[in-house]
Amino acid sequence: MDPLRQSPSPSSSRASSPRTLPCEMLGYVGIEAVLDQLKIKAMKMGFEFNIMVVGQSGLGKSTMVNTLFKSKMWKSTMPGLGVPTPQTLQLQSVTHVIEESGVKLKLTVTDTPGFGDQINNDKCWDPILGYINEQYEQYLQEEILITRQRHIPDTRVHCCVYFVPPTGHCLRPLDIEFLQRLCRTVNVVPVIARADSLTIEEREAFRHRIQENLKTHGIEVYPQKCFDEDINDKILNSKIRERIPFAVVGADREHIVNGRCVLGRKTKWGIIEVENMAHCEFPLLRDLLIRSHLQDLKDITHNVHYENYRIFRLNESHVLPRGPGWVNLAPAPASVPAPAGPQATPGPPKVGWWAKDNSDEEC
Amino acid sequence: MAATDIARQAGEGCRTVPLAGHVGFDSLPDQLVNQSISQGFCFNILCVGETGLGKSTLMDTLFNTKFEGEPATHTQPGVQLQSNTYDLQESNVGLKLTIVSTVGFGDQINKEDSYKPIVEFIDAQFEAYLQEELKIRRLLHNYHDSRIHACLYFIAPTGHSLKSLDLVTMKKLDSKVNIIPIIAKSDAISKSELTKFKIKITSELVSNGVQIYQFPTDDELVAEINGTMNAHLPFAVIGSTEELKIGNKMVKARQYPWGTVQVENEAHCDFVKLREMLIRVNMEDLREQTHSRHYELYRRCKLEEMGFKDTDPDSKPFSLQETYEAKRNEFLGELQKKEEEMRQMFVQRVKEKEAELKEAEKELHEKFDRLKKLHQDEKKKLEDKKKSLDDEVSAFKQRKTAAELLQSQGSQAGGSQTLKRDKEKKN
C-alpha cells in the first residue's frame with residue numbers, strides 16, 4: 001500500500017505513472033462501457049480530416065480526390081488554351097462535410113495548382129511548407145490562449161499525398177528535394193499517378209527504384225518505421241511499406257463491366273477499373289487513408305509533427321514561462337539527444353535543419 | 001505569407017456533399033476506440049467523508065474487488081489524503097484506477113482547516129498537468145493523468161440535514177471537481193426519513209449555491225436515464241463485500257437480525273444507480289468535464305495570476321513575451337542583487353576575521369616577548385646568584401687554603417709550641 005503520498009512538488013520531474021497494483025475483479029463491473037461512451041462522444045462531435053494533394057498539373061489530383069471520397073469535391077479542371085498557368089504557387093482549400101452511417105467527417109482538401117509547373121522550380125516547396133506551418137501556428141496560438149475554446153478547430157494538414165509522374169525511371173530531383181523537406185513536417189504518402197500508362201512489370205521496377213531512392217536520401221514516408229508501437233503494427237505497416245508508392249488511377253465516371261457498374265476509365269483497348277486490385281492499387285490507398293489509418297495519421301500529426309513545431313517555436317521565442325518555479329527543461333535543441341521510443345520526435349537535428357532552411361520565415 | 005494566396009471556399013457552414021458510394025470512414029469511431037484501448041484509460045476518484053462511513057467498502061463493492069487497506073483510526077492529527085493506484089482489466093479494456101481517500105476527515109476537534117489538504121491536493125494534480133502541458137518537450141499522450149475526475153462526498157446518515165463541515169467543504173470543492181454527494185450507510189435510515197433527508201439535502205445545497213455534478217442530458221441516447229437519475233441525487237448507498245445466499249443466488253448483502261439488506265436491490269438502496277451513473281454511463285463525461293471545465297478554470301486563474309493576459313489577438317504573443325521578459329529581467333535583477341549582497345557580506349566577514357586574527361597574532365607576540373623577558377631576568381638573576389656563589393666558593397677556597405697553610409705551619413710550630421706550652425706547664 002502506498003504510504004500517504006504527498007502531492008508531487010512542482011520541481012520534481014513527474015514519473016509517467018505511479019506504482020500500480022494489478023487487481024482481479026470478481027465480477028462484471030462495466031468498465032468496457034466506456035468504449036461506447038467514447039463512440040457516442042466522437043459521433044456527436046464529428047471528425048475532422050485535412051488532406052493535401054501535391055503534384056504537377058495534369059497528374060489527376062482533383063480526380064483522385066473525387067474518387068477517394070466518391071463525391072464531387074472539385075471540378076476536375078481541364079485548363080483550356082486561354083487559361084494562363086499561374087505564375088506563383090497558389091493553394092486552394094475546400095471544406096466539405098460528408099456523412100456516412102451517422103459519422104460526420106469534415107474534410108478539407110488543399111490543392112496546389114502550379115506546383116512544379118514553372119521553368120525555374122526553385123523553392124517551389126516554400127509556399128507549401130509555409131502553409132503547413134501556418135496551420136501549426138494557428139493551432140499553437142489557440143492552445144496557449146488563457147481562455148481557450150473547448151474544442152480547438154484542427155486545420156493542420158494530416159496527410160500530404162504526393163503525386164509522382166509516371167516516368168518509369170526514378171524520382172526526379174524536384175521530387176527528392178520536395179520529399180526530403182516535407183517528410184519531416186507532415187505525413188507524406190507518395191503515389192504513382194496515372195499508373196495506367198505503365199505495364200505491371202514497369203510498375204514494379206519503377207516502384208523498386210523509387211523505394212531505393214527514398215532509402216538513399218533518407219526520406220521517411222508514412223507509415224514511418226520509427227513510430228511502430230507493437231508487433232502487430234510492425235507487421236501491418238511493413239506490408240504497406242512494401243507497396244509504397246501505390247500505383248493509382250483516378251476516375252469519376254461510371255461504366256458497365258460484366259453487368260456491374262464500376263468507376264473506371266474507358267479506353268479503346270479496355271476499361272481500367274479503379275477498384276480492381278489487378279488493375280491498380282487505388283483500393284490500397286483508400287484503405288490506408290480512410291479505413292484503417294486515418295486516426296493514426298491524425299495522431300502522428302498531433303503527437304509528433306505538431307510537437308516538433310511547438311518545440312521549435314517555443315525555444316525560439318520564449319513564448320511560455322520557463323522561469324523559477326517551473327520545470328526548466330529543453331536545453332538548446334542542438335545539444336539534446338533525441339529521446340527513444342515510438343513517440344520520439346525525429347530528432348533535434350531535423351528540427352534545427354528545418355529552422356535553418358526557413359530562417360526568413362515570418363512567424 | 002507573401003508568395004501564396006490561399007483561397008478558402010465555403011468556410012463557415014460548409015456544404016454537405018452527398019456520397020455516391022461507400023467510402024468507408026464509418027470505421028472512424030472504431031479506429032478511435034482501438035487507439036484508446038491501446039492507450040488505456042485512467043480514472044481517478046476522490047472519496048471525501050468522515051472516518052467510518054464506509055468509503056473503502058463502497059469502493060470494494062463498486063469495483064467488485066478487494067483493494068488493500070486497513071481501516072483508519074480516529075486519532076489522526078490532521079486530514080491527510082491517501083492515494084492508491086490499481087490496474088483493472090475487463091475484456092480488452094485496461095483501466096488505471098486511482099482511489100484517493102481522506103484520512104482523518106472530521107475527527108479533529110477544530111475542523112476549520114479540514115478542507116484545506118483536499119483543495120491543495122486537487123490543485124496539485126492540476127498543477128502537475130499544467131506544468132506538463134507547458135513544458136517545451138512534453139509527452140502529453142503518454143502522461144498519467146492524475147486529476148480527480150469524480151469526488152464522492154459521503155454524507156453521514158443522520159436523517160436531519162447536512163453538517164456545516166459538509167457544507168463548507170462542498171462549497172470549497174464545487175468549482176474544482178465534479179461532486180457527487182451520496183448518503184453513506186443508508187441502511188440506518190428508514191424509507192420515509194430518506195425521502196425527507198434527500199429533499200432537505202438538495203434544498204440546502206441549492207440555497208448555499210453548491211454546484212454538484214449534474215449528469216448530462218444533452219445527448220438523446222442517455223438524456224432520459226440521466227434525467228431520471230438527476231432526480232434521485234443524492235444516492236443512498238450501502239456497501240458490502242460479504243456474500244449471502246438469498247433464494248438460490250449469492251448476492252452481496254448485509255445481514256441483520258431483523259432482515260437482510262441487499263446491495264444490488266434497487267428497492268433497498270441506490271447502489272446500482274450509482275454504479276450505472278459513475279461507471280457505465282458517464283465515466284467519459286466526468287473526465288471531459290474535469291478537463292474542459294475545472295482544469296481550464298484552474299489554468300486560466302493560474303496564468304492570469306502569473307501576469308499573463310491575452311488582450312487582443314494581435315498583440316497577444318507580444319504581451320505574453322513582454323510580460324515574460326519583464327518578469328525574467330526582474331528575476332535576474334533580484335538574483336544579481338542577492339548575489340551582490342552575499343558577496344558583500346562575505347567580504348565583510350573576511351575582513352572581520354582578518355582583523356581578529358591580527359589581534360590574536362599581536363597578543364601572541366606580546367606574550368612571547370614578555371615570556372622572553374621573564375626568562376632573561378630569571379637567567380640574569382640566576383647568573384648573579386651563581387656568580388655570587390662562585391665568589392663565595394672561591395673565597396672559601398682561599399680561606400681554606402690559607403687556613404690549611406696556617407694549620408700546617410701552626411702544627412709545625414704548634415707542635416713546638418705545644419711542646420713549649422707543655423714544658424711551661426710542666427715547669
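Residues numbered from 1 in each chain as written. Chains lettered and ligands numbered in written order. Predicted model: local features only at pLDDT ≥ 70, side-chain atom pairs only at ≥ 80, totals over all residues. Heavy atoms only, no water.

A cluster of acidic residues, Glu352, Glu356, Glu359, Glu363, Glu366 and Asp369 of chain B, forms a negative patch at the surface. In this fold, Glu359 of chain B is placed in helix 9 (residues 316-426). (Patch = residues over 30% accessible without salt bridge, like charges linked within 9 Å, V, L, I, M, F, W, Y side chains within 5 Å. Areas by Shrake-Rupley, 256 points an atom, 1.4 Å probe, with all protein chains shown as cover. Salt bridge = Lys/Arg side-chain N within 4 Å of Asp/Glu carboxyl O. Lys, Arg positive; Asp, Glu negative; His and termini not counted. Charge placed at Lys NZ, Arg CZ, Asp CG, Glu CD. Helix = DSSP H or I, 4+ residues; strand = E, 2+ residues; numbered from the N terminus.)

Time to look at the pairing of strand 9 (residues 249-256) of chain B. Residues and elements named next belong to chain B. The pairing of strand 8 (residues 243-246) with strand 9 spans 4 bridges and is antiparallel. Bridge pairing in strand 9 links Glu243 to Lys252. Between the end of strand 8 and the start of strand 9, which pair antiparallel, lie 2 residues, with Gly247 showing a positive phi angle near 65°. Across 4 bridges, strand 9 lies against strand 10 (residues 259-262) in antiparallel orientation. In the sheet register, Arg254 faces strand 10, and the bridge partner there is Val261. (Pairing = 2+ DSSP bridges.)

Residue and element names in this part refer to chain B. With 12 residues, helix 1 (residues 28-39) extends 17 Å between its outermost C-alpha atoms, agreeing within 8% with the 16 Å of an ideal straight helix rising 1.5 Å per residue. Along helix 1, the residues classified as buried are Leu28, Pro29, Gln31, Leu32, Val33 and Ser36. Phi turns positive one or two residues past the end of helix 1, at Gly40, with a value near 90°. (Expected span 1.5 Å × (residues − 1). Buried < 20%, exposed > 50% of the residue type's maximum accessible area, 1.4 Å probe, protein only.)

So, about the pattern of salt bridges. Inspection of the entire model under this criterion finds 40 salt bridges over all chains. The salt bridge partner of Arg310 of chain A is Glu143 of chain A, with a shortest N-O separation of 4.0 Å. Of this pair, Arg310 of chain A sits in helix 8 (residues 294-317) while Glu143 of chain A sits in helix 3 (residues 126-143); the two residues are 167 residues apart in sequence, bridging distant segments of the chain. Just as Arg310 of chain A is buried, Glu143 of chain A falls in that class too. Its salt-bridge partner being Lys163 of chain B, residue Glu50 of chain B comes within 3.0 Å of it at the nearest N-O pair. You can see Glu50 of chain B sitting in the loop between strand 2 (41-48) and helix 2 (55-62) and its partner Lys163 of chain B sitting in the loop between strand 5 (150-155) and helix 4 (164-173), a full 113 residues away along the chain.

All right, on to the confidence of the model for chain A then. Close inspection of predicted coordinates is inappropriate for parts of the model with low pLDDT. Residues and elements named next belong to chain A. For chain A, mean pLDDT is 76; residues scoring 70 or higher make up 77% of the total. When mean pLDDT is taken per element in chain A, strand 5 (residues 159-164) scores highest with 92 and helix 9 (residues 348-357) scores lowest with 36. Under a pLDDT of 50 for its full length, residues 1-17 has, in the predicted model, 33 contacts with residues more than four places off or in other chains. Note on residues 321-363: pLDDT is under 50 here. Beyond four places in sequence and across chains, it has 71 contacts. (pLDDT = per-residue confidence, 0-100. Contact = heavy atoms within 4.5 Å.)

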